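Here is what each chain is made of, one letter per residue.
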Amino acid sequence: MASIYELDGRVPVLKAIPFGLQHVLAMFVANITPIIILANVVGIGTATSSALVQNCMIIAGIGTLVQLYPIWRIGSRLPIVMGISFTFLSLAIAIATTQGMGTLMGAVIVGGLVEGCLGLFPNKWTKLIPHVVAATVVTAIGFSLLPIGANSFAGGQGAADFGSANNWIIGSVTLLACLVTQVFARGFLRSLSVLVGLAVGYVLSVCMGVVDFSALNQVDVVALPSFMPFTPEFHLDAILAIVCVYLVSATETIGDTSAICSGALGRNVHKREMGSSVACDGFVSTVAGLFGCTPITSFSQNVGLATMSKVINRSTIAIGAAIMIIGGLFPAVGTILTTIPQPVLGGCTIMMFGSILFAGFGMLAKSGFSQRNMIIVSLSLSVGLGFTQATGLFAIFPKIVQTVFAENCVAVVFLLAVLLNLILPKEKEK
């Protein structure tokens with residue numbers, strides 16, 4: 001069994017399955033939740049939602065395989081697990097509800113090509129994103145996701161029973177189950193706290209009679225992924241907005257790639273590995289757009305799992321990727337997952353979103369508390385979070401500026417942090 005702790009060691013399939021499965025379980029809920037929330041907010045039908053969940057599982061498996069076994073310079077050859085990113089969720093909802101899913105998919109496709117091409121030339125841009133900028137952006141992402149989790153907790157924005165007693169009970173029990181598991185469980189079970197909470201919340205929802213299984217009566221046993229469920233439309237304002245968040249996602253991937261090298265492999269990350277990880281993010285995200293999914297990125301929870309367990313074997317994690325792909329070929333899996341009530345997702349995601357915020361705080365602490373960093377962080381967050389909450393503040397600007405910045409605090413924070421880092425004199429750090 002020692003080979004599971006080696007990057008290229010050979011592991012028998014039967015022995016690799018449980019180790020690959022644990023990586024799938026650690027990210028499974030987070031992988032499907034963004035598309036379920038998006039589908040509910042936009043009002044996509046159950047059949048299409050189920051197909052999108054299937055596609056997300058397949059895309060996550062493909063992305064993970066590309067990271068493990070690179071195609072040319074696309075993929076890092078590191079034990080990184082890929083999945084659908086929460087980073088894009090708030091902007092995706094804004095674009096899809098105002099301009100349609102076709103416009104969103106067009107922006108995802110083009111933005112992925114931009115990020116992928118950037119990843120092929122890491123020497124040209126990595127110096128623009130020092131640690132303090134990445135830390136500021138991750139913190140902004142955490143803040144931007146909190147209202148989404150709260151809306152789900154209450155039953156989903158626009159729901160007839162929004163904020164009802166049933167939703168409060170289901171969401172609270174789900175959150176409590178997550179919390180108890182996180183605090184009192186040990187070892188691997190602790191990393192599954194979100195999955196445990198989802199299971200408890202789902203069972204409670206079934207017992208309370210709020211889960212509708214009628215859609216399962218019309219589900220095929222096996223189905224191929226749905227290609228281009230939405231016809232892509234290309235609008236410059238939406239593309240620019242998505243590209244901004246792709247750059248943010250790239251900073252997260254850089255952080256995850258660095259963490260897997262230092263924590264699990266015991267060495268520093270190579271610049272080419274960072275670029276190859278970002279290239280995988282981008283180009284596989286373009287494929288995701290063709291299948292109606294939002295962009296893909298590396299999953300921090302799996303980085304933490306690899307660091308804790310030291311299981312870094314590529315073929316073992318590839319087994320997990322294969323499990324995701326196989327699961328995506330069976331529509332019943334996707335349909336069952338779409339029956340998860342919104343309060344259950346809210347109870348789970350509140351904790352996940354809070355952990356992103358906490359990670360941002362940790363990164364800020366590691367960046368140091370110099371006057372220069374204080375200015376970058378405080379001004380970027382106050383303007384980014386404050387201005388985007390003031391409805392109508394951007395009304396005097398052209399529509400393209402409003403689309404990119406008016407409701408997208410992450411884009412504002414990212415742009416301002418990069419500009420301040422370039423403008424402020426370095427000597428102020430002393």
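Residues numbered from 1 in each chain as written. Predicted model: local features only at pLDDT ≥ 70, side-chain atom pairs only at ≥ 80, totals over all residues. Heavy atoms only, no water.

## Structural notes on empty space enclosed by the protein
How we decide: Of the two site types, the cavity is a set of points on a 1 Å grid over the protein atoms alone where a 1.4 Å probe fits but cannot get out, and the pocket is an open set with protein on both sides within 12 Å along at least five of seven lines, each lined by residues with an atom within 4 Å of a point. Grid points are joined across faces, edges and corners, and a volume is the space filled by probe spheres set on the points. Only runs of H or I of at least four residues qualify as helices and only runs of E of at least two qualify as strands under DSSP, and these elements are numbered from the N terminus.
Evaluation of the coordinates by the stated rule reveals one cavity of 30 Å³ or more. When its volume is computed, the largest cavity comes out at roughly 30 Å³. As for the largest cavity, its lining consists of Pro 34, Ile 35, Leu 38, Ser 85, Phe 88, Leu 89 and Thr 294. Here the lining of the largest cavity takes three residues from helix α1 (residues 13–42), the largest share from any one element.

## Section: the packing of helix α15 (residues 371–387) against helix α17 (residues 409–423)
What counts is decided by this rule: For helices, the axis comes from a line fit to the C-alpha atoms of the stretch in contact; other axes are also lines fit to C-alpha atoms, and the angle between any two N-to-C directions lies between 0 and 180 degrees. Oblique is the label for any angle not under 35 degrees, not over 145, and not in the 65 to 115 range, which are roughly parallel, roughly antiparallel and roughly perpendicular in turn. The hand of a helix crossing depends on one turn: near helix anticlockwise from the far one by less than a right angle means left-handed, and clockwise means right-handed. Contact between two residues is taken to exist if any of their heavy atoms lie within 4.5 Å; hydrogens are not considered. Throughout, the ten residues Ala, Val, Leu, Ile, Met, Phe, Trp, Tyr, Cys and Pro are labelled nonpolar, Asp, Glu, Lys and Arg are labelled charged, and all others, Gly among them, are labelled polar.
In contact at an axis separation of 8 Å, α15 and α17 are set at 155 degrees when each is read in the N-to-C sense. By the angle between their directions, the pair α15 and α17 is classed as roughly antiparallel. Relative to α17, α15 is oriented so that their crossing is right-handed. On α17, the residues that touch Arg 372, Ile 375, Ile 376, Leu 379, Ser 380, Leu 381, Val 383, Gly 384 and Leu 385 of α15 are Cys 409, Val 412, Val 413, Leu 416, Ala 417, Leu 420 and Asn 421. Each residue belonging to the contact of α15 with α17 can be placed in one class, and the counts come to 12 nonpolar, three polar and one charged.

## Focus: the packing of aromatic side chains
We count it as follows: Only the six-membered ring of Trp is used, alongside the rings of Phe and Tyr, when aromatic pairs are assigned; centres must lie within 6.5 Å, and planes under 30 degrees apart are stacked while those over 60 apart are edge-to-face, with the rest tilted. The buried label goes to any residue with under 20% of its type's maximum accessible area, the exposed label to any with over 50%, and the partly exposed label to all in between, with areas taken from a 1.4 Å probe on protein chains only. Whether a charge lies above a ring is judged from NZ of Lys or CZ of Arg, which has to be within 6 Å of the ring centre and within 35 degrees of the ring normal.
Scanning the model with the defined rule gives four aromatic pairs in all. Pairing Phe 227 with Phe 291 gives two aromatic rings, centres 5.3 Å apart and planes at 75 degrees, and the pair type is edge-to-face. Linking Phe 227 in the loop between α8 (193–207) and α9 (236–265) with Phe 291 in the loop between α10 (271–290) and β2 (296–298), this pair joins segments that are 64 residues apart in sequence. Given a relative accessible area of 49%, Phe 227 falls into the partly exposed group. Classification of Phe 291 as buried rests on a relative accessible area of 17%. Ring centres 6.0 Å apart and planes at 45 degrees place the aromatic pair Phe 394 and Phe 397 in the tilted group. We classify Phe 394 as buried; its relative accessible area is 13%. On the basis of relative accessibility, which here comes to 40%, the residue Phe 397 falls in the partly exposed class. Between the NZ or CZ atom of Arg 73 and the centre of the ring of Trp 72, over which it lies, the distance is 5.3 Å.

## What about the pattern of salt bridges?
Close approach of charged atoms allows side chains with opposite charge to pair. Going by this rule: Here a salt bridge means any side-chain nitrogen of Lys or Arg lying within 4 Å of a carboxyl oxygen belonging to Asp or Glu.
Going through the model one piece at a time under the given rule, you end up with three salt bridges. Where Asp 8 meets Arg 77, a salt bridge forms, and the shortest distance between an N and an O atom there is 2.7 Å. You can see Asp 8 sitting in the segment before α1 and its partner Arg 77 sitting in the loop between α2 (46–68) and β1 (82–84), a full 69 residues away along the chain. Asp 8 sits in the partly exposed class, given a relative accessible area of 44%.

## A few points about the nonpolar core
Generally speaking, soluble globular proteins have nonpolar side chains that are buried together. The condition that has to hold: The term nonpolar core refers to a set of buried residues drawn from Ala, Val, Leu, Ile, Met, Phe, Trp, Tyr and Cys, joined through side-chain atoms within 4.5 Å.
The biggest cluster of nonpolar side chains holds 117 residues, and the ones touching the most others in it are Leu 38, Leu 89, Met 101, Leu 104, Ile 242 and Ile 260. When residues in this core are grouped by element, the largest group, 14 residues, is from α9. Apart from the residues within four sequence positions on either side, Met 101 is in contact with Leu 38, Val 42, Ile 44, Ala 96, Phe 230 and Gly 292. Core analysis: the second largest hydrophobic core is formed by six residues, Val 11, Ala 16, Val 311 and Ile 319 among them.

## Some words on the side chain of Asn 421
Structurally, Asn 421 can be placed in helix α17. Residues in contact with Asn 421, not counting those within four places in the same chain, are Leu 128, Pro 130, Val 133, Arg 372, Ile 376 and Lys 426.

## Topic: a nonpolar patch on the surface
In plain terms, the rule: Residues forming no salt bridge and having over 30% relative accessible area are the ones grouped into patches, like charges within 9 Å of each other and nonpolar side chains (Val, Leu, Ile, Met, Phe, Trp, Tyr) within 5 Å. For accessible areas, the Shrake-Rupley method is used with a probe of radius 1.4 Å. Any residue's cover is judged against the shown protein chains and nothing else.
A contiguous nonpolar surface patch, about 450 Å² in accessible area, is contributed by Leu 128, Leu 415, Leu 419, Leu 422 and Ile 423. Mapped onto the fold, Leu 419 is located in helix α17.

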